[in-house]
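Listed here are the chains, written in short residue letters.
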Amino acid sequence: MAWMSSAEQTSPGSRPTAGSTFVRACRGEPVTHTPVWFMRQAGRSLPEYRELRAGVRMLESCRRPDLVTEITLQPVRRHGVDAAIFFSDIMVPLDAAGVDLDIVAGTGPVVAEPVRTMADLDRVRPLDPAAVSYVDEAVRLLTAELGETPLIGFAGAPFTLASYLVEGGPSRNHTQTKALMYGDPELWHALLARLADITLTFLKVQIAAGVSAVQLFDSWVGALSEADYREYVLPHSRAVLEGLTDAGVPRIHFGVGTALLLPAMAQAGADVVGVDWRTPLDQAAKLVPGHPVQGNLDPAVLFAPWEVVEREVRRILAEGRTAPGHVFNLGHGVLPETDPTVLTRVVELVHELSAR
Ligand code: CP3
């Protein structure tokens, strides 16, 4: 594909995945079965992942196209999911943009010097696409391997990235983040605008290299009220999603604890709205008319007896049928302790129950 012009590469029809159930469901087109993939499907729930990652730091593994390719393919081979998600992390573009950070196993992203002043913001530089050439390379390797199976690209949304940058690491209450947001709105908006710019560049690199869809993860935005979301976050998430309007790939917008934010998140420019397990998909569908939905099995249900898993899968498929399209997923990422054989059974069950 390297010889194609970027216009040809980004035209949806030119992608061999346009007829896939995943892309069709994202567009609200009829499908032969409900497509299914899992957030965090690549990772610690898989012994083959733990083996490959032994002795390699998380950020280092993200910079190695050979490892990224293999790790991304592992869950596709094992579970037979309908889409692959690119193995990387939401912190990768910030690392590439010059922020001193690490991803610590069992903790998450840790930022050496948190961003709390205008002077700190200077350390968050715009992203030079050349600084993530390893992403371009890995996406090209992967799309060649995957053929008609779509590859989903992704990035962290401005609020969730800001939370890690301002707190310096994972946070339960986002106190420093909110102190900055309410206390220095000018700096807040400058920071989120910078993060939106980095995110947009990062997603454009993935799209130009061949991903079939993108997901914007705003994992922690459920910490905000709808009014604050609209004032402090929505314009910046919109800059990312609307910046991709002409890219020709479906845009999925996901957050956790977002029941009352779903309409605003759809308005930010999403095609598909990701829903956590707290909001039934039929209720979500009413909140975002015209939008396909993605979700929303509680990741903890995978630890319950199989009869419960089966009951929940049936319920979610029934509720998902009320939306213009449904992509089956968990309501948040696969937990590391999950038995991967249960995930494979869920894929089989979704395919069997939804076949039409
Ligand atoms: O399979 C996939 O979904 C693709 C890979 C992926 C990772 N991170 C790999 C990863 C994706 C899509 C992400 C996104 C991500 N990263 C989010 C948004 C999704 C979500 O879960 O809400 C967030 C908030 C992060 C930040 C982050 N990075 C966290 C919270 C952690 C886990 C910390 C821990 O160890 O418990 C990471 C590290 C990380 N990212 C791992 C993986 C596989 C674990 C690292 C390891 O194996 O040592």
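The shown structure was predicted, so the numbers you read here are calculated from the model rather than taken from an experiment. (Residues numbered from 1 in each chain as written. Predicted model: local features only at pLDDT ≥ 70, side-chain atom pairs only at ≥ 80, totals over all residues. Heavy atoms only, no water.)

What follows deals with the overall build of the chain. Along its length, the chain carries 16 helices and nine strands. Against the 2.2 N^0.38 benchmark of 21 Å for 356 residues, the chain shows a C-alpha radius of gyration of 19 Å, consistent with a compact globule. Overall size of the chain, expressed as C-alpha extent along the three principal axes, is 55 × 45 × 40 Å. Relative to its 356 residues, the chain shows a buried fraction of 58%. If you take every contact in the chain between residues at least 6 apart in sequence, the share linking residues at least 24 apart comes to 74%. As displayed, the chain offers around 13900 Å² of accessible surface, 52% of which is attributable to carbon and sulfur atoms. Mean positive and mean negative side-chain charge positions of the chain (31 and 42 charges, respectively) differ by 3 Å. (Helix = DSSP H or I, 4+ residues; strand = E, 2+ residues; numbered from the N terminus. Rg over C-alpha atoms; globule rule 2.2 N^0.38 Å. Buried < 20%, exposed > 50% of the residue type's maximum accessible area, 1.4 Å probe, protein only. Contact = heavy atoms within 4.5 Å. Areas by Shrake-Rupley, 256 points an atom, 1.4 Å probe, with all protein chains shown as cover. Lys, Arg positive; Asp, Glu negative; His and termini not counted. Charge placed at Lys NZ, Arg CZ, Asp CG, Glu CD.)

Burial within strand E5 (residues 213-218) is extensive, with six of its six residues counted as buried. Residues Ala-213, Gln-215 and Phe-217 of E5 are buried on one face, and the alternating residues Val-214, Leu-216 and Asp-218, pointing to the opposite face, are buried as well. Pairing of strand E4 (residues 151-156) with E5 involves five bridges; the strand directions are parallel. Pairing of Gly-156 across the sheet is with Phe-217, part of E5. Across five bridges, E5 lies against strand E6 (residues 251-255) in parallel orientation. For Asp-218, the partnering residue across the bridge sits in E6 and is Gly-255. Tracing the backbone out of E5, into helix H12 (residues 226-242) and back to the parallel element E6 gives a crossover that is right-handed. (Pairing = 2+ DSSP bridges. Right-handed = clockwise from strand over helix to strand, strands pointing away.)

As a structural note, the neighbourhood of the ligand is formed by 27 residues, with Arg-40, Tyr-49, Gly-106, Ser-219 and His-332 the closest of them. One of the backbone N or O atoms of Gln-41 is found 3.2 Å from an oxygen atom in the ligand. Within the side chain of His-332, one N or O atom sits 2.6 Å away from an oxygen atom of the ligand. If you list the elements that add at least two residues to the shell around the ligand, you get helix H3 (47-53), strand E2 (101-104) and strand E3 (108-111). (Near = heavy atom within 4 Å. Polar contact = N/O pair within 3.5 Å; in protein donor to acceptor, adjacent residues only side chain to side chain.)

The subject of this paragraph is the environment of Leu-187. Tracing the backbone through its elements, the reader meets Leu-187 in helix H11 (residues 185-209). For the pair Leu-187 and Ala-83, spaced 104 residues apart in sequence, the C-alpha separation works out to 38 Å. Each residue touching Leu-187, except ones within four places of it in the same chain, is listed here: Arg-116, Thr-117, Met-118, Leu-121 and Leu-180.

Once that is clear, we can look at the packing of aromatic side chains. Where two aromatic rings form a pair, the distance of their centres and the angle of their planes describe that pair. Considering all chains together, one arrives at five aromatic pairs under this definition. When the centroid spacing of 5.5 Å and the interplanar angle of 90° are considered together, the rings of Phe-154 and Phe-217 count as edge-to-face. Taken together, the residues Phe-154 in strand E4 and Phe-217 in strand E5 connect sequence positions 63 residues apart. Like Phe-217, Phe-154 is buried. Members of the aromatic cluster, connected to one another through ring pairs, are Phe-154, Phe-217 and Phe-254. (Phe/Tyr/Trp six-rings, centres within 6.5 Å; stacked < 30°, edge-to-face > 60°.)

When the UniProt feature table is mapped onto this chain, "site: Transition state stabilizer" (unreviewed entry) is found at Asp-89. Checked against the element boundaries, Asp-89 lands in the loop between strand E1 (84-85) and helix H6 (92-96). Excluding anything up to four places from it in sequence, Asp-89 contacts Met-58, Cys-62, Ile-103 and Phe-154. For Asp-89, the side chain forms a polar contact with the main-chain nitrogen of Met-91, separated by 3.0 Å. (UniProt positions renumbered as here; feature names shortened; annotations may be inferred.)

Before going further, it helps to spend a moment on the pairing of strand E9 (residues 326-330). Where burial is concerned, most of E9 is hidden: five out of the five residues are buried. A two-sided burial pattern is seen for E9, the buried positions comprising His-326, Phe-328 and Leu-330 on one face and Val-327 and Asn-329 on the other. As paired elements, strand E8 (residues 293-297) and E9 share five bridges and run parallel to each other. Looking at E9, one finds that Gly-295 is bridged to Phe-328. Taking the sense of rotation as the criterion, the β-α-β connection linking E8, helix H15 (residues 306-320) and E9 turns out right-handed.

Moving on: the sheet that holds E1. Pairing in this open sheet of seven strands is parallel, and the strands run E1-E4-E5-E6-E7-E8-E9 from one edge to the other. At either margin of the open sheet sits one strand with a lone partner, and together these are E1 and E9. The sheet strands contacting H15 are E8 and E9, and the helix crosses E9 at an angle near 150°. (Axes fitted to C-alpha atoms, helices over the stretch in contact; angles between N-to-C directions.)

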